[in-house]
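Summary of structural features
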Amino acid sequence: MHSELNEEQPQILHIDLNSCFATVEQQARPSLRGRPLGVTNRLTANACVVAASFEAKEQGVKVGMRLSEARDLAPDLIAIETDPPKYHYVYQQLVRIMKSYSPKVSMKSIDEGIIDFHGTRENINKRPLTVIGYEIKKRLRDDVGSWMRCNIGIAPNRFLAKTAASLHKPDGLDVISHTNLRKTLAGLQLTDLTGIAERNEARLNACGIYTPLQFLDASPKILRNRAFKSIIGEDWHQRLRGWEVDDNEWSTKTIGRQFVMDDYQAPDEKVRSRLAHLCESTGLKMRHKGFCARGLAVYIRYKGGDYWSSRKAFKSSFFSNSEIYRRATLLFNQHPRLDYVVELGVTAYLLEPSGTNQVSILEDVNKEVWLTEAVDEINQRFGNYTVTFASSADAKGKIKQKIPFGSTRYFELLIQEA
Amino acid sequence: MENNVHINKAVNVVAFYFKNAGPAYRQAGSRLKCFPKRMEYDGRRVEFTETGLRHPVQKGKSLVHVFDMTDGNADYRLEFDAQNLDWKLVSIADAFRA
């Protein structure tokens, strides 16, 4: 563990398209430029604002707010439904630009990514990273459109690069290195740091840490034993000093799908049709990632606010929609009829690499594999859920795959569906 | 409130095509770039002044190019089927003007 600051020349470049969806919509439609804009997954009063333009943010609109609340703050707010193919195009352009500088590119979400310049500076990227940063901004404007703006942060590790990228929104470029680290942190609040929200702030406050500078000066022992009570404390100690602790690739542990019911007084038949659709969606995701599963969980939230969930690890693995639905129904049938179901979720766990390319000695297993492959091929050609359960046909038009906040793992599936 | 009218009709479009448009770093291997210039719809002629965004959309196995265009008064969404060379006016949005 390092106790000193990382004095290496910054080699990590973080790119963040702030207000990404709203900016892309303003790029696509010039009449929306300079106006308060809220992008939502559905155009209903209770829909959540997934992106707000800078003009809307100036009027107090925040991401995560309900559309009705946003309209109270900004009466002239224009609401627009998400359009995944547009964002996917911009995402692809961003990835293409980033990969032209270094092979070590990792996308953290739809609108932000990291270029690691380690090992490329001697022969390829000899120019200062700030020059490359400004060139990326220009290329984004040239390739996508003149309204596109991005924040760029350059630092010795991922955490500080992200912090640098958030210093001057919406079109900033900042560098944090060991020379200006203390000065930069002095101008921030604890909650300005990525990963420090109210609860972590309270943990730090309880140890007498109220500012990022006090956080930086805190000993690893206090952070580990008193503030976070785990190794996370030591990670923070390293992270704040510019040492890399976030260069991790996380494997997929669970795959699932949730849905808030379109009808809060839905009869059992309707709930089952939504369940069938969620099972199909989960199966599609699993096969897309080349997994089969042995465990399945179903959860329900009732209108009264109560939760119910059930999970089971099976002896045999499964991958087909019909098997997921059969097993999910076994679990679903156990749920107490307390109230109307308002939220439903299906999660597959105990994932293992799919063995469907191995021909089985059991003819029934082979038939199931072939049938699933044939249906997937048809759906790939004509769009997802072209061939679907009759029971879930009703849900097909209601449950739409929407833009996820974080991961881009299923972006291709989303586009196929859109 | 937004006034978005869905049209979904075939239209005649005059488009310009440019090869190797843009700065040098984009020219290598670049394809023909298409820019709709004029559209005839409902007996009137619309002159486009700006391309908002052009993006491809996969429809099953076929690919169509979506153009978000403006004539300075309203926003138009056009689809170009590169296989059949057909243009379709998908929607017109206005009412944002004061």
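This is a predicted model, so every value here is computed, not measured.

Rules used in this analysis
Residues numbered from 1 in each chain as written. Chains lettered and ligands numbered in written order. Predicted model: local features only at pLDDT ≥ 70, side-chain atom pairs only at ≥ 80, totals over all residues. Domains from an automatic or database assignment. Contact = placed C-beta atoms within 7 Å. Helix = DSSP H or I, 4+ residues; strand = E, 2+ residues; numbered from the N terminus. Expected span 1.5 Å × (residues − 1). Buried ≥ 20, exposed ≤ 12 C-beta atoms within 10 Å, placed from the backbone. pLDDT = per-residue confidence, 0-100. Core = buried A, V, L, I, M, F, W, Y, C linked by C-beta atoms within 7 Å. Pairing = 2+ DSSP bridges. Axes fitted to C-alpha atoms, helices over the stretch in contact; angles between N-to-C directions.

**Considering the domain arrangement of chain A**
Residues and elements named next belong to chain A. Each domain of chain A was delimited in the assignment, giving domain 1 (1–179), domain 2 (187–249) and domain 3 (255–417). Distance from the C-alpha centre of domain 1 to the C-alpha centre of domain 2: 25 Å. Counting residues at the interface gives 13 residues for domain 1 and twelve residues for domain 2. In terms of residues, the side of domain 1 that touches domain 2 owes the most to one element, helix 6 (residues 158–165), which gives five residues.

**Digging into helix 4 (residues 84–99) of chain A**
The first and last C-alpha atoms of helix 4 of chain A sit 22 Å apart over 16 residues, in line with the 22 Å expected at 1.5 Å per residue. Residues of helix 4 of chain A that are buried include every one of P84(A), K86(A), Y87(A), H88(A), Y89(A), V90(A), Y91(A), L94(A), I97(A) and M98(A), and no others.

**As for the confidence of the model for chain B**
Residues and elements named next belong to chain B. In this model, chain B carries a mean pLDDT of 81, and residues with pLDDT of at least 70 account for 79%. Element-level pLDDT for chain B is lowest in helix 1 (residues 24–27), with a mean of 53, against a maximum mean of 92 in strand 7 (residues 75–81). For this predicted complex, the interface score ipTM comes out at 0.85, alongside a pTM of 0.81.

**Here's the deal with the nonpolar core**
Residues and elements named next belong to chain A. Counting residues in each nonpolar core, the largest one holds 53 residues, and the members touching the most others are L13, I152, I154, A155, A161 and A164. Residue contributions to this core peak at seven residues, all from helix 4. A155 has contacts with P10, I12, L160, A161, A164, V175, I176, S177 and G242, leaving out every residue within four places of it along the chain.

**Section: the sheet that holds strand 6 (residues 112–116) of chain A**
All names here are of chain A. On the basis of which strands lie adjacent, the open sheet formed by five strands has the order 5-6-1-7-8 and mixed pairing. The sheet is open, and its two edges are formed by strand 5 (105–109) and strand 8 (173–175), each paired on a single side. Put simply, the sheet's adjacent strands are angled 15° from each other on average, direction ignored. Relative to the sheet, helix 5 (residues 129–143) contacts strand 1 (12–16), strand 7 (151–155) and strand 8, its axis offset from that of strand 7 by approximately 160°.

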